[in-house]
Amino acid sequence: MTHGRPELIQSVTATLDGVAGAFDMATEQTIGDPCSTVFSFGRENNKLTADLRLLGTMGVSQKLSLDVVFVDGGRTQYTETDLTEALKNFNGDMTTTYRVLGTLETPVGMETGNAEIIGWEDTDNGEVEAVL
């Protein structure tokens, strides 16, 4: 996280759209319609991390929505980002972990504002986590 005070963040809940909900073992392919998954990020100092196990991506796009809850009585901030490009190679190797990194910019104070995720990168290996 940059441009903010991470200690003011109480929790971060995320929704990732455009993921597979079912996998056909016989054909080794994802099946059905694109789904969504909801998960939480953990915070340690200025880093947010989440580990997911996904069957794959589906559909034309993958969108990540974040609900950031602050410690000031539950004030929230909502941000959405397109992960389609960052996850374009996700289905290519189902045995290797896939890591996505990004930067979450939050307001400096408790004033109302919007958060933004910039600089998503996909990496070839490592633990499966998104670091914001």
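Rules behind the numbers
Residues numbered from 1 in each chain as written. Predicted model: local features only at pLDDT ≥ 70, side-chain atom pairs only at ≥ 80, totals over all residues. Heavy atoms only, no water. Helix = DSSP H or I, 4+ residues; strand = E, 2+ residues; numbered from the N terminus. Buried < 20%, exposed > 50% of the residue type's maximum accessible area, 1.4 Å probe, protein only. Contact = heavy atoms within 4.5 Å. Areas by Shrake-Rupley, 256 points an atom, 1.4 Å probe, with all protein chains shown as cover. Core = buried A, V, L, I, M, F, W, Y, C linked by side-chain atoms within 4.5 Å. Patch = residues over 30% accessible without salt bridge, like charges linked within 9 Å, V, L, I, M, F, W, Y side chains within 5 Å. Salt bridge = Lys/Arg side-chain N within 4 Å of Asp/Glu carboxyl O. Polar contact = N/O pair within 3.5 Å; in protein donor to acceptor, adjacent residues only side chain to side chain.

A. Expanded view of the overall build of the chain. Broken down by element type, the chain carries zero helices and 10 strands. Overall, the chain shows an N-to-C arrangement of helices and strands of β-β-β-β-β-β-β-β-β-β. For the chain, the proportion of its 132 residues judged to be buried stands at 35%. Sequence separation of 24 or more characterises 66% of the internal contacts of the chain that already satisfy a separation of 6 or more. Of the roughly 7,600 Å² of accessible surface on the chain, 47% is carried by carbon and sulfur atoms.

B. Representation of the environment of Gly74 within the structure. Looking at the secondary structure, you find Gly74 in the loop between β6 (63-70) and β7 (76-82). Judged by its relative accessible area of 38%, Gly74 falls in the partly exposed class. With 64 residues separating them in the primary sequence, Gly74 and Gln10 have C-alpha atoms 8.3 Å apart.

C. Structural context of the nonpolar core. With 22 residues, the main nonpolar core has Val12, Phe39, Phe41, Leu64 and Leu66 as its most contacted residues. For Phe39, the contacting residues outside a window of four places in its chain are Val12, Thr13, Ala14, Leu16, Ala50, Leu52 and Leu64.

D. Spatial organisation of a nonpolar patch on the surface. A cluster of nonpolar side chains, namely Phe23, Met25, Leu55 and Met94, defines an oily patch on the protein surface of about 400 Å² accessible area. Counting through the fold element by element, Leu55 comes out in the loop between β5 (47-50) and β6. Looking at Leu55, the relative accessible area reads 36%, which means it is partly exposed.

E. Local environment of the side chain of Arg75. For Arg75, the position within the fold is in the loop between β6 and β7. Owing to a relative accessible area of 18%, Arg75 belongs among the buried residues under this scheme. There is a polar contact of 3.3 Å between the side chain of Arg75 and the side chain of Asp72.

F. Local environment of the environment of His3. Take His3: it is sitting in the segment before β1 (9-19). For the pair His3 and Glu105, spaced 102 residues apart in the sequence, the C-alpha separation amounts to 5.6 Å.

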